[in-house]
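Each chain, letter by letter, is given below.
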Amino acid sequence: MASGLEGLCAQIPEQVLRAACNKFIADPTALLGAIVAALIIAMVKPIRSWLWGVLKGIWFRLATVWTAGSRLSRARDSVALEGAGPWLTIKREPPRDYDDRMQSAVGSTPVVVCANEKGGVGKTTITCNLAARFAALKPRPVLVIDLDFQGSGSSMVFAGTRWQPNIGQLSAASLAISGS
């Protein structure tokens, strides 16, 4: 207990101690008030630090709640029945020459690339479903090139048929890619 008091007393400025002694000499009953005043002065810095930490914590929590609320609102708006949908919440402007480029592309073979560095995001599923839809809409053949070593796209496109080559044979895709 004494070491705690010594540490506390070491934080009290000398002017405060002198003022407390002078006050005690003038009025011995004021000792209690002087001690209380000295303790309050000594505790101002720790209380201020603690209060600042509390206020910072409250501010950061409020900021987190505020941003979470705006994200929740944006997500709610994106899936509302009258909304634009989850992928269309940010309206994109087409390039300035979009109409000219689309007119010049009439009659050419469209190429759609579905790519992403991350695995498991639905590239193969989207590609095969688009290919099936394009094949149903157009009388022209649709080519799907599956460069994934798993061959999931090939198994989807050729569902119900034998699509794997015999042992020792190259697949049609391997022949096309190798130039053979």
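Note that the structure is predicted; figures quoted are calculated from it, not measured. (Residues numbered from 1 in each chain as written. Predicted model: local features only at pLDDT ≥ 70, side-chain atom pairs only at ≥ 80, totals over all residues. Heavy atoms only, no water.)

Tallying secondary structure elements over the protein gives seven helices and zero strands in all. Tracing the protein from N to C terminus, the helices and strands come up as α-α-α-α-α-α-α. The burial tally for the protein puts 8% of its 180 residues in the buried class. Across the protein, contacts joining residues at least 24 apart in sequence account for 36% of those joining residues at least 6 apart. (Helix = DSSP H or I, 4+ residues; strand = E, 2+ residues; numbered from the N terminus. Buried < 20%, exposed > 50% of the residue type's maximum accessible area, 1.4 Å probe, protein only. Contact = heavy atoms within 4.5 Å.)

Per the stated rule, a full pass over the model turns up one salt bridge. A salt bridge links Asp97 to Arg101; the shortest N-O distance between them is 3.6 Å. (Salt bridge = Lys/Arg side-chain N within 4 Å of Asp/Glu carboxyl O.)

What follows is about a nonpolar patch on the surface. A contiguous nonpolar surface patch, about 900 Å² in accessible area, is contributed by Met43, Ile47, Trp50, Leu51, Trp52, Val54, Leu55, Ile58 and Leu62. With respect to the helices, strands and loops of the structure, Met43 is situated in helix 3 (residues 31-78). On the accessibility criterion, Met43 (35% relative accessible area) is partly exposed. (Patch = residues over 30% accessible without salt bridge, like charges linked within 9 Å, V, L, I, M, F, W, Y side chains within 5 Å. Areas by Shrake-Rupley, 256 points an atom, 1.4 Å probe, with all protein chains shown as cover.)

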